[in-house]
Amino acid sequence: MLAQELIDAFLDSIDPAFRAGGPDVADEEIHERNVARVQLAFAAVGRGDFDALVDLCRDDVVLDIAGPPSIPFVGVWKGRDEVVAAIRRNFAMLESQRPEIESLSAQGEHVVVILRERGRIVATGADYSVRGAQVFTFEDGKLRRVREILVEDPA
(Lines give C-alpha, C1' and ligand atoms only; values in the text may rest on other atoms or scores of the structure.)
Protein backbone atom coordinates (compact mmCIF):
# COMPACT_ATOMS: atom_id res chain seq x y z
CA MET A 1 0.00 0.00 0.00
CA LEU A 2 2.91 2.35 0.62
CA ALA A 3 3.79 2.35 -3.07
CA GLN A 4 0.23 3.43 -3.96
CA GLU A 5 0.42 6.23 -1.38
CA LEU A 6 3.64 7.47 -3.00
CA ILE A 7 2.05 7.34 -6.45
CA ASP A 8 -1.02 9.20 -5.17
CA ALA A 9 1.16 11.87 -3.55
CA PHE A 10 3.07 12.26 -6.81
CA LEU A 11 -0.16 12.58 -8.81
CA ASP A 12 -1.55 15.07 -6.28
CA SER A 13 1.54 17.25 -6.81
CA ILE A 14 0.94 17.75 -10.55
CA ASP A 15 -1.63 20.56 -10.39
CA PRO A 16 0.24 22.49 -7.66
CA ALA A 17 3.43 22.16 -9.71
CA PHE A 18 1.61 23.61 -12.72
CA ARG A 19 0.26 26.50 -10.65
CA ALA A 20 3.72 27.12 -9.16
CA GLY A 21 4.84 28.23 -12.64
CA GLY A 22 3.88 31.74 -11.56
CA PRO A 23 0.76 33.84 -11.31
CA ASP A 24 0.49 34.03 -15.09
CA VAL A 25 0.43 30.30 -15.93
CA ALA A 26 -2.80 30.72 -17.92
CA ASP A 27 -1.86 34.01 -19.64
CA GLU A 28 -1.11 33.23 -23.30
CA GLU A 29 0.31 36.74 -23.89
CA ILE A 30 2.97 36.13 -21.24
CA HIS A 31 3.83 32.80 -22.90
CA GLU A 32 4.16 34.44 -26.31
CA ARG A 33 6.34 37.26 -24.96
CA ASN A 34 8.64 34.81 -23.20
CA VAL A 35 8.92 32.59 -26.29
CA ALA A 36 9.82 35.73 -28.27
CA ARG A 37 12.48 36.55 -25.66
CA VAL A 38 13.98 33.06 -26.03
CA GLN A 39 14.02 33.57 -29.79
CA LEU A 40 15.83 36.91 -29.31
CA ALA A 41 18.40 35.21 -27.07
CA PHE A 42 19.04 32.43 -29.61
CA ALA A 43 19.31 35.01 -32.40
CA ALA A 44 21.78 37.13 -30.42
CA VAL A 45 24.01 34.13 -29.69
CA GLY A 46 23.74 32.99 -33.31
CA ARG A 47 24.96 36.39 -34.49
CA GLY A 48 27.67 36.50 -31.86
CA ASP A 49 26.00 39.65 -30.49
CA PHE A 50 26.62 39.09 -26.81
CA ASP A 51 25.86 42.75 -26.00
CA ALA A 52 22.27 42.10 -27.08
CA LEU A 53 22.23 39.04 -24.82
CA VAL A 54 23.35 41.17 -21.88
CA ASP A 55 20.27 43.37 -22.35
CA LEU A 56 17.96 40.33 -22.05
CA CYS A 57 19.37 39.19 -18.68
CA ARG A 58 18.74 40.24 -15.10
CA ASP A 59 21.79 41.28 -13.07
CA ASP A 60 21.43 38.09 -10.98
CA VAL A 61 20.88 35.67 -13.88
CA VAL A 62 22.09 32.08 -13.38
CA LEU A 63 23.21 29.63 -16.07
CA ASP A 64 23.33 25.99 -14.98
CA ILE A 65 24.44 23.39 -17.56
CA ALA A 66 24.57 19.75 -16.45
CA GLY A 67 25.91 16.91 -18.53
CA PRO A 68 28.51 14.16 -18.77
CA PRO A 69 32.24 14.96 -18.51
CA SER A 70 32.65 14.53 -22.27
CA ILE A 71 30.76 17.80 -22.78
CA PRO A 72 33.35 20.57 -22.26
CA PHE A 73 30.93 23.32 -21.28
CA VAL A 74 29.10 22.16 -18.17
CA GLY A 75 29.01 24.27 -15.04
CA VAL A 76 27.17 26.94 -13.10
CA TRP A 77 27.67 30.67 -13.62
CA LYS A 78 26.05 33.52 -11.71
CA GLY A 79 25.58 37.18 -12.55
CA ARG A 80 25.09 38.80 -15.94
CA ASP A 81 28.77 39.34 -16.75
CA GLU A 82 29.81 35.81 -15.72
CA VAL A 83 26.89 34.19 -17.54
CA VAL A 84 27.43 36.08 -20.78
CA ALA A 85 31.20 35.40 -20.63
CA ALA A 86 30.47 31.69 -20.14
CA ILE A 87 28.08 31.61 -23.10
CA ARG A 88 30.65 33.40 -25.27
CA ARG A 89 33.38 30.96 -24.16
CA ASN A 90 31.14 27.90 -24.55
CA PHE A 91 30.14 28.76 -28.10
CA ALA A 92 33.78 29.52 -28.99
CA MET A 93 34.53 25.87 -28.11
CA LEU A 94 32.22 24.66 -30.88
CA GLU A 95 32.03 24.82 -34.65
CA SER A 96 29.80 23.49 -37.41
CA GLN A 97 26.85 23.54 -35.03
CA ARG A 98 23.55 22.17 -36.25
CA PRO A 99 20.92 22.80 -33.57
CA GLU A 100 17.37 21.49 -33.97
CA ILE A 101 14.40 22.27 -31.75
CA GLU A 102 12.36 19.13 -31.22
CA SER A 103 9.69 20.83 -29.11
CA LEU A 104 9.02 24.01 -27.20
CA SER A 105 6.53 24.70 -24.43
CA ALA A 106 5.72 27.80 -22.39
CA GLN A 107 4.03 28.05 -19.02
CA GLY A 108 3.93 31.31 -17.12
CA GLU A 109 7.48 32.53 -16.64
CA HIS A 110 9.04 29.33 -18.02
CA VAL A 111 9.92 28.29 -21.56
CA VAL A 112 11.15 24.71 -22.09
CA VAL A 113 13.09 23.80 -25.22
CA ILE A 114 13.83 20.17 -26.08
CA LEU A 115 16.68 20.12 -28.57
CA ARG A 116 19.26 18.16 -30.43
CA GLU A 117 22.59 19.57 -31.53
CA ARG A 118 25.47 18.27 -33.56
CA GLY A 119 28.79 19.85 -34.38
CA ARG A 120 32.48 19.71 -33.66
CA ILE A 121 34.57 20.53 -30.60
CA VAL A 122 37.27 22.98 -31.72
CA ALA A 123 40.02 21.84 -29.32
CA THR A 124 39.87 18.18 -30.34
CA GLY A 125 38.23 18.22 -33.74
CA ALA A 126 35.87 15.53 -32.42
CA ASP A 127 32.28 15.49 -33.57
CA TYR A 128 29.61 15.75 -30.89
CA SER A 129 25.91 15.00 -30.79
CA VAL A 130 23.74 15.86 -27.80
CA ARG A 131 20.10 15.97 -26.82
CA GLY A 132 18.95 18.27 -24.13
CA ALA A 133 16.34 20.25 -22.31
CA GLN A 134 16.67 23.94 -21.61
CA VAL A 135 14.42 25.71 -19.12
CA PHE A 136 14.40 29.50 -19.47
CA THR A 137 12.88 31.33 -16.50
CA PHE A 138 11.92 34.99 -16.75
CA GLU A 139 11.19 37.56 -14.09
CA ASP A 140 10.01 41.09 -14.80
CA GLY A 141 10.62 40.54 -18.52
CA LYS A 142 14.28 39.57 -18.10
CA LEU A 143 16.02 36.22 -18.11
CA ARG A 144 16.51 35.07 -14.50
CA ARG A 145 17.74 31.50 -14.97
CA VAL A 146 18.67 29.00 -17.65
CA ARG A 147 18.87 25.35 -16.67
CA GLU A 148 20.18 22.98 -19.29
CA ILE A 149 20.55 19.22 -19.07
CA LEU A 150 22.49 17.53 -21.85
CA VAL A 151 23.07 13.87 -22.68
CA GLU A 152 25.22 12.38 -25.38
CA ASP A 153 23.28 11.26 -28.43
CA PRO A 154 25.06 8.40 -30.17
CA ALA A 155 22.96 8.80 -33.34
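Before any of the text, the structure's been laid out above.
For the structure given in this document, a descriptive report is provided here. (Residues numbered from 1 in each chain as written. Predicted model: local features only at pLDDT ≥ 70, side-chain atom pairs only at ≥ 80, totals over all residues. Heavy atoms only, no water.)

Let's talk about the overall build of the protein
The helix and strand tally for the protein stands at five helices and six strands. Ordered by position from the N terminus, the helices and strands of the protein form the series α-α-α-α-β-β-α-β-β-β-β. For the protein, the spread of C-alpha atoms along the principal axes amounts to about 55 × 40 × 25 Å. Counting across all 155 residues of the protein, residues that qualify as buried make up 32%. Restricting to contacts in the protein with at least 6 residues of sequence separation, those with at least 24 account for 45%. With an accessible surface of roughly 9,200 Å², the protein has 57% of that area assigned to carbon and sulfur atoms. When the 18 positive and 28 negative side-chain charges of the protein are each reduced to one mean point, those points stand 5 Å apart. (Helix = DSSP H or I, 4+ residues; strand = E, 2+ residues; numbered from the N terminus. Buried < 20%, exposed > 50% of the residue type's maximum accessible area, 1.4 Å probe, protein only. Contact = heavy atoms within 4.5 Å. Areas by Shrake-Rupley, 256 points an atom, 1.4 Å probe, with all protein chains shown as cover. Lys, Arg positive; Asp, Glu negative; His and termini not counted. Charge placed at Lys NZ, Arg CZ, Asp CG, Glu CD.)

Digging into the nonpolar core
If you look at the biggest cluster of nonpolar residues, it comprises 30 residues, and the most contacted ones within it are Leu-53, Leu-63, Ile-87, Phe-136 and Leu-143. Among the elements of the structure, helix H3 (28-47), helix H4 (50-56), strand E1 (57-66), helix H5 (80-92), strand E4 (110-121), strand E5 (127-139) and strand E6 (142-152) are those that each provide at least two residues to this core. Sequence-distant contacts of Phe-136, that is, excluding residues within four places in its chain, are made with Val-38, Phe-42, Glu-109, His-110, Val-111, Val-113, Leu-143, Arg-145 and Val-146. (Core = buried A, V, L, I, M, F, W, Y, C linked by side-chain atoms within 4.5 Å.)

Quick word on the layout of surface pockets
Approximately 640 Å³ is the volume attributed to the largest pocket. Lining the largest pocket are 28 residues, with Phe-42, Val-45, Phe-91, Glu-117 and Gln-134 sitting closest to its centre. Residue assignment for the lining of the largest pocket shows that the elements contributing at least two residues are H3, E1, H5, strand E3 (94-107), E4, E5 and E6. Grouping the amino acids of the lining of the largest pocket by side-chain chemistry returns 20 nonpolar, four polar and four charged. (1 Å grid on protein atoms, 1.4 Å probe; cavity = no way out; pocket = protein on both sides within 12 Å on 5 of 7 lines; lining within 4 Å. Points joined across faces, edges and corners; volume = space filled by probe spheres on them. Nonpolar A, V, L, I, M, F, W, Y, C, P; charged D, E, K, R; others polar.)

So, the side chain of Asn-34
For Asn-34, the location among the structural elements is in helix H3. Asn-34 sits in the buried class, given a relative accessible area of 0%. Here Asn-34 is in contact with Gly-108, Glu-109, Val-111 and Phe-138, once residues within four sequence places are set aside.

What about the pairing of E4?
Pairing of E3 with E4, which is carried by 11 bridges, proceeds in the antiparallel orientation. Note that in E4 the partner of Glu-95 across the bridge is Arg-120. Here E3 folds back onto E4, and the loop between the two strands holds two residues, one of which, Gly-108, carries a positive phi near 55°. The sheet contact formed by E4 and E5 spans 11 bridges and is antiparallel. (Pairing = 2+ DSSP bridges.)

Overview of H5
Its 13 residues give H5 an end-to-end C-alpha distance of 18 Å, which sits within 8% of 18 Å, the value for a rise of 1.5 Å per residue. Burial in H5 covers these residues: Val-83, Val-84, Ala-86, Ile-87 and Asn-90. Looking straight down H5, one finds that the buried residues subtend no more than 155° of arc, so they occupy a single side. Opposite the buried face of H5, by more than 90 degrees, sit the exposed residues Asp-81 and Ala-92. Buried residues belonging to H5 abut H3, H4, E1, strand E2 (75-78) and E3. (Expected span 1.5 Å × (residues − 1). Arc of directions from axis to C-beta.)

Here's the deal with the side chain of Arg-116
For Arg-116, the position within the fold is in strand E4. Separated by 2.8 Å, the side chains of Arg-116 and Asp-153 make a polar contact. (Polar contact = N/O pair within 3.5 Å; in protein donor to acceptor, adjacent residues only side chain to side chain.)

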